[in-house]
Amino acid sequence: MNHHEIKNFLTVAEQLHFGRASVLCNLSPSALTRSIQRLENELDQELFIRDKRQVQLTLAGEKFLRYAVKAMRDWQSVCEDLVDDGSVEGVVSIYASVTAVYSVLPDLLEAYRDAYPKVRLSLRTGAAEDSLDKLFTGDIDMAVAALPDRQLERVDFIPLVTTRLVFVGPKNPLPDLRYNEPNDLKKLPLVLARSGVSRSRVNQCLRELGAHTARISEVSGNEAILAMVRLGCGVGVVPELVLERSPFRQDLEVLENTPVLDPYIVGLCSSQKSQARASVAASGSWLKSDLQRNINKSFRLRLLLAMCGNREENPRVTSTSSPTGYALFDLDQTIVPWDTQLLFCNFILKRQRIRTLYLLGFIPFSPFAKLLGPETMKRVFLNYLAGMDGQVLDQYARDFVDDLVPNGLYSEVVKIVEKHKADGLLTILNSASPEIWVQHLSEKLGFDHYYGTQVVINGRVSLFPDIQGKNNKGEVKIGRMRHHFPADWAEGDVLPNSYGYSDSHADLPMLMLCERNVMVHPTDKLREYGKRFGWLEINPLRPTQSKWEFAVACAKQAIGFYP
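The sections below set out a description of the structure shown in this document. (Residues numbered from 1 in each chain as written. Predicted model: local features only at pLDDT ≥ 70, side-chain atom pairs only at ≥ 80, totals over all residues. Heavy atoms only, no water.)

### Considering the overall build of the chain
Inference 1: When helices and strands are counted, the chain shows 21 helices and 19 strands.
Inference 2: A buried classification covers 51% of the 563 residues belonging to the chain.
Inference 3: Contacts spanning at least 24 positions in sequence make up 70% of the contacts within the chain whose residues lie at least 6 apart.
Inference 4: Accessible surface, the chain: about 27,100 Å² in total, of which carbon and sulfur atoms supply 51%. (Helix = DSSP H or I, 4+ residues; strand = E, 2+ residues; numbered from the N terminus. Buried < 20%, exposed > 50% of the residue type's maximum accessible area, 1.4 Å probe, protein only. Contact = heavy atoms within 4.5 Å. Areas by Shrake-Rupley, 256 points an atom, 1.4 Å probe, with all protein chains shown as cover.)

Right, dumping it as structure tokens:
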């Protein structure tokens, strides 16, 4: 046998149709048949079962398929190694969903062809959730895939674009498909991917809601989910990028007041084994060093340059009307070692012990925290301020900040804030904690702007004070500060010369806006993401030495007995 016959076999095995395979092999059907027969004679085994209706691999054919894939890769690798003119040649096979083919890849592949004209690109399409499986089996060299929740060994992942995972329904739903609140997911029919990142995140969401008996239809591919939702088969979950480019977009809508899922990070991945070939290795190297310079500026792919090493600094904007860059900071456990909601509670209860009675109103709601959601629980927790005069509360907030600064902060992070200010960056403090004290802390530290959860106070604090807008967390943070971004900034763009600082994976939407990120005592989930992207981790000295000590200290703060 020779590599041409093996290649013919692989084409038939992929197509399972001699007519289509003969066209791809540029052979007549009879010539292709003879090529396969020669292989079968040499192996003394039937490789395909053929009848008038279908073509299938035999057991021997499946075994030979594994050998054939490896043999062709080894052949391509040898051919590339023998090229002695310094150029890169060969074939790079890429697997992607249909949406990725016309939304993520066009500019990237066009620029790549300009850089490596002798490399032949082989593009295959299919369901997004199958991408990594195709990579692991060796069927393809590279895959456009979602960043998995767990780090995969021997796989390199280069992020390209970040998009939200959204719940989608028909624009004019029938009565049994109307959605109003998260609890509706327990009874509504759902249309979900059969596997993959989005499915695992939805499964986790349903478990937290207690929706153990949810009605689920499984399909292959995000495009199929949208088609089923349009037909009224249920509520679906897809990356927003897919919805925006769907031909069914006008018939569908993003549902509001839904659980917030972690963002969907799409990237190009390859196995370390396939990178042994020059053409594939060149692909990764080119992406890391030249992508931002080569791709069309109208589609700014989300590339985390921290992965790339030896990167050039972005030129700073010299216009006096524009910042030279951006520095975005979370507050709790990023600048302050604690949750400032508990710290402020401790501050108030130490001065007005009678307000400890608020616990009688908070404790009954605690078992239902996941069901009620963070916004409602925040309102319930703030009942310790009930009846307080607004001006008195504001003075307490000022005194709290004076008491907290500077010894109650991470001095290392405060110095970073000062450094960014000196460099002319626009500094923004963006926290889920109430603006009651966030505004004063922002002023004390010299931030240019601040954002926090907006608690409504009309003269006096009500029993369960209302929140204006939404809890300032996750994607909400982006909307609040968006007007500070460049005029040509679009969803998925990276802010020029930008830095992000946080301790929590809940801030991934904010961090994905930034070129360089620093994790401060990160949660395990954030650390997992950060390791893949090469984000810096810092661990300033904490007031407590263990998780147990930290938990005890937080409990004391909640009842006003922390020093």
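### Thoughts on the pattern of salt bridges
Inference 1: Summed over the entire model, instances satisfying the criterion amount to 21 salt bridges.
Inference 2: Close ionic contact of Lys525 with Asp262 constitutes a salt bridge, the shortest N to O distance being 2.6 Å. One end of the pair, Lys525, is in helix α20 (residues 524-533); the other, Asp262, is in the loop between β11 (252-254) and β12 (264-271), and 263 residues separate them in sequence.
Inference 3: With relative accessibility at 34%, the residue Lys525 sits in the partly exposed group. (Salt bridge = Lys/Arg side-chain N within 4 Å of Asp/Glu carboxyl O.)

### Observations regarding the packing of aromatic side chains
Each aromatic ring pair is described using two quantities: the centre-to-centre distance and the angle formed by the ring planes.
Inference 1: Within the structure shown, the criterion is met by 21 aromatic pairs.
Inference 2: Plain terms: the ring middles of Phe18 and Phe48 are 6.0 Å apart, the flat faces sit at 75° to each other, and that makes the pair edge-to-face. Of this pair, Phe18 sits in helix α2 (residues 18-25) while Phe48 sits in strand β1 (residues 48-50); the two residues are 30 residues apart in sequence, bridging distant segments of the chain. Comparing Phe18 with Phe48, the two get one shared label, buried.
Inference 3: Measuring from centroid to centroid gives 6.3 Å for Phe344 and Phe347, while their planes differ by 15°, and the two rings are stacked. On the criterion of helical spacing, the pair formed by Phe344 and Phe347 is a turn pair, its members being three residues apart in helix α12 (residues 340-351).
Inference 4: Three or more aromatic residues joined by ring pairs form one cluster here, namely Phe9, Phe18, Phe48, Phe64 and Tyr67.
Inference 5: The residue whose ring lies beneath Arg351 is Phe347, and the NZ or CZ to ring-centre distance is 3.5 Å.
Inference 6: Here the guanidinium or amino end of Arg516 rests over the ring plane of Tyr499, the centre of that ring lying 4.5 Å away. (Phe/Tyr/Trp six-rings, centres within 6.5 Å; stacked < 30°, edge-to-face > 60°. Lys NZ or Arg CZ within 6 Å of the ring centre and 35° of its normal.)

### Points about the sheet that holds strand β9 (residues 215-219)
Inference 1: A sheet is described by the order of its strands in space; here five strands give the open sequence β9-β8-β10-β7-β11, paired in mixed fashion. What marks the edges here is a single partner per strand, and that holds for β9 and β11. When strand polarity is set aside, the average angle formed by the axes of neighbouring strands in this sheet is 35°.
Inference 2: Docked against the sheet, helix α9 (residues 222-230) engages β7 (165-170), β8 (189-193), β9, β10 (235-239) and β11, running at close to 150° with respect to β10. (Pairing = 2+ DSSP bridges. Axes fitted to C-alpha atoms, helices over the stretch in contact; angles between N-to-C directions.)

### Details of the sheet that holds strand β15 (residues 449-455)
In a beta sheet, neighbouring strands pair by backbone hydrogen bonds and run either parallel or antiparallel.
Inference 1: Across the sheet, seven strands lie side by side as β16-β15-β14-β13-β17-β18-β19; this open sheet has mixed pairing. This sheet does not close on itself; its edge strands, each paired only once, are β16 (467-468) and β19 (536-538).
Inference 2: When β15 meets β16, the two strands line up antiparallel, connected through two bridges. Bridge pairing links Val455 to Ile467 in β16.

### Some thoughts on the nonpolar core
Inference 1: Formed by 54 residues in total, the largest nonpolar core has its most connected members in Phe329, Ile335, Phe344, Tyr358, Tyr384 and Leu385.
Inference 2: Per-element accounting of this core gives the leading share, seven residues, to α12.
Inference 3: If we ignore the near neighbours within four places in the chain, the residues touching Tyr358 are Cys345, Leu349, Phe381, Asn383, Tyr384 and Ala558.
Inference 4: In this structure, Val161, Val202, Leu209 and Leu241 belong to the second largest nonpolar core, which totals 38 residues. (Core = buried A, V, L, I, M, F, W, Y, C linked by side-chain atoms within 4.5 Å.)

### Examining the packing of helix α1 (residues 3-15) against helix α3 (residues 29-43)
When two helices pack together, you describe them by how their axes are tilted relative to each other and by the distance separating the axes.
Inference 1: Two elements in contact, α1 and α3, have axes whose closest approach is 9 Å; the angle formed by their N-to-C orientations is 110°. Taken as axis vectors, α1 and α3 run roughly perpendicular relative to one another. On the side of α1, the interface is formed by Glu5, Asn8, Phe9 and Val12, while α3 contributes Leu32, Ser35, Ile36, Arg38 and Leu39. (Parallel < 35°, antiparallel > 145°, perpendicular 65-115°, else oblique.)

### Observations concerning the pairing of β12
Inference 1: Most of β12 is tucked away: eight of the eight residues are buried.
Inference 2: Neither face of β12 is left uncovered, since the one carrying Tyr264, Val266, Leu268 and Ser270 and the one carrying Ile265, Gly267, Cys269 and Ser271 both have all their residues buried.
Inference 3: Bridging between strand β5 (residues 142-146) and β12 involves five bridges; their strand directions are antiparallel. Residue pairing for β12: Ala145 is matched across the bridge by Gly267.
Inference 4: Pairing between strand β6 (residues 155-163) and β12: eight bridges, direction antiparallel. Note that in β12 the partner of Ile158 across the bridge is Leu268.

### Re the environment of Ser97
Inference 1: With respect to the helices and strands, Ser97 occurs in the loop between β3 (90-96) and α5 (98-103).
Inference 2: As a C-alpha pair, Ser97 and Ala143 span 46 residues in sequence and 9.3 Å in three-dimensional space.
Inference 3: When near neighbours in sequence (up to four residues on either side) are disregarded, Ser97 contacts Gly126, Ala128 and Glu223.

### A look at the side chain of His420
Inference 1: Turning to its location among the elements, His420 is positioned in helix α16 (residues 411-422).
Inference 2: Taking the relative accessible area as the measure of exposure, His420 reaches 6% and is therefore buried.
Inference 3: Within the structure, the side chain of His420 is placed 2.6 Å from the side chain of Tyr501, a separation counted as a polar contact.
Inference 4: Not counting residues within four places of it along the chain, the set of residues in contact with His420 comprises Ala327, Phe329, Leu425, Thr427, Tyr499 and Tyr501. (Polar contact = N/O pair within 3.5 Å; in protein donor to acceptor, adjacent residues only side chain to side chain.)

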